[in-house]
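For reference, the chains in residue letters:
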Amino acid sequence: MKRPIIIHPDPRLKKLAAPVPDLSDDLRVLAEDMLETMYAAPGIGLAAPQVGELVRLVVVDCVKEDGAPPRPIAMFNPEITASSDEVSTYEEGCLSIPEIYEDVTRPAAVTVRWIDPDGNEQQEDFDGLWSTCIQHEIDHLDGKLFIDYLKPLKRQLITRKMVKLKRERAREKA
Ligand code: NI
């Protein structure tokens, strides 16, 4: 089931999400719902706080080659255990900040450890878009948005745009 995505600014996007102590069917359903919501958007990553759930869960699928099979990954309690010194810059966007794209520089490669929906521990090295996307999503779990990497003035301008967008959307609904 698709879930509504929270748009910035919203206090729920600034909170620290709690670790998942034990997997439950509710959490597995949440991961499925988040993947469905992400694909429908469409997007390549989504973090639980973006649908109002303050738990450490992210979903990603950064396969972008046409015709390549999808690779949905749900990560519970994801942790970056190593980052490269080498950096890369990508134009990032966020489903909670629609239609805004800005360059962000991050470590080019990361090692990530997480718990999969079956409760098994996984570890994998990611680079390219996958690395950027996973770092962006894990930031959400710490209440951090990609615009927090931008200069304050730019960030304020974007936030004002989002306030206006939310007002317009609320008016359309009314
Ligand atoms: Ni995001």
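Cut-offs and rules
One numbering rule holds for all chains: residues counted from 1, following each sequence as written. For a predicted model such as this one, the threshold for reporting local features is a pLDDT of at least 70, and the threshold for listing and counting side-chain atom pairs is 80 or more; totals across whole chains, interfaces and linings nevertheless cover every residue. Only heavy atoms go into the side-chain values, all of them from the structure, while hydrogens and water stay out. Shown as donors are all N, O and S atoms within 2.8 Å of a metal ion, widened to 3.2 Å for Na, K and Ca; because water is not in the atom set, sites may appear incomplete. We count a stretch as a helix when DSSP gives it H or I for four or more residues in a row; a strand needs E for two or more, and each element gets its number in order from the N terminus. Under the scheme applied here, a residue whose accessible area is under 20% of the maximum for its type counts as buried, over 50% as exposed, and between as partly exposed, the area being computed with a 1.4 Å probe on protein chains only. Working definition: rings of Phe, Tyr and Trp (its six-membered ring) pair if their centres are within 6.5 Å, and the pair is stacked with planes under 30 degrees apart, edge-to-face with planes over 60 apart, and tilted otherwise. Geometrically, a charge over a ring is one whose NZ (Lys) or CZ (Arg) sits within 6 Å of the ring centre while staying within 35 degrees of the ring normal. The pairing criterion is simple: DSSP has to find at least two bridges between the two strands. The convention used is that axes are lines fitted to C-alpha atoms, helices contributing only their stretch in contact, and that angles between N-to-C directions extend from 0 to 180 degrees.

Caption draft 1: Quick look at the coordination of the nickel ion. All of the protein donors around the nickel ion are C94 (SG), H136 (NE2) and H140 (NE2); their distances to the metal are 2.1 to 2.3 Å. As a motif over one chain, the donors of the nickel ion read C-x41-H-x3-H. Here H140 lies in helix 2 (residues 128–141) and C94 lies in strand 4 (residues 87–94), a separation of 46 residues in the sequence. C94 sits in the buried class, given a relative accessible area of 10%. Residue class for H140 comes out buried when judged on its relative accessible area of 1%.

Caption draft 2: Quick look at the packing of aromatic side chains. A full pass over the atoms with the stated rule returns two aromatic pairs. Centroid distance F126 to W130: 5.9 Å. Interplanar angle 25°. Geometry classified as stacked. Across this residue pair, the class does not change: F126 and W130 are buried. Every member of this aromatic cluster is reached through a ring pair, and the members are W114, F126 and W130. The ring of W130 carries R71 above its face, with NZ or CZ at 5.6 Å from the centroid. Above the plane of the ring of Y149 lies K144, whose end atom (NZ or CZ) is 4.4 Å from the centre.

Caption draft 3: Structural detail: the sheet that holds strand 2 (residues 57–60). The strand order across the open sheet formed by five strands is 1-2-3-6-7, and the pairing between neighbours is antiparallel. Edge positions in the sheet fall to strand 1 (45–47) and strand 7 (121–127), since each of these pairs with one other strand and no more. The mean inter-strand angle of the sheet, taken between neighbouring strand axes irrespective of direction, is 40°. As judged from the four bridges shared by strand 2 and strand 3 (residues 73–83), these two strands associate in the antiparallel manner. Across the sheet, residue V58 finds its bridge partner in strand 3, namely M75.

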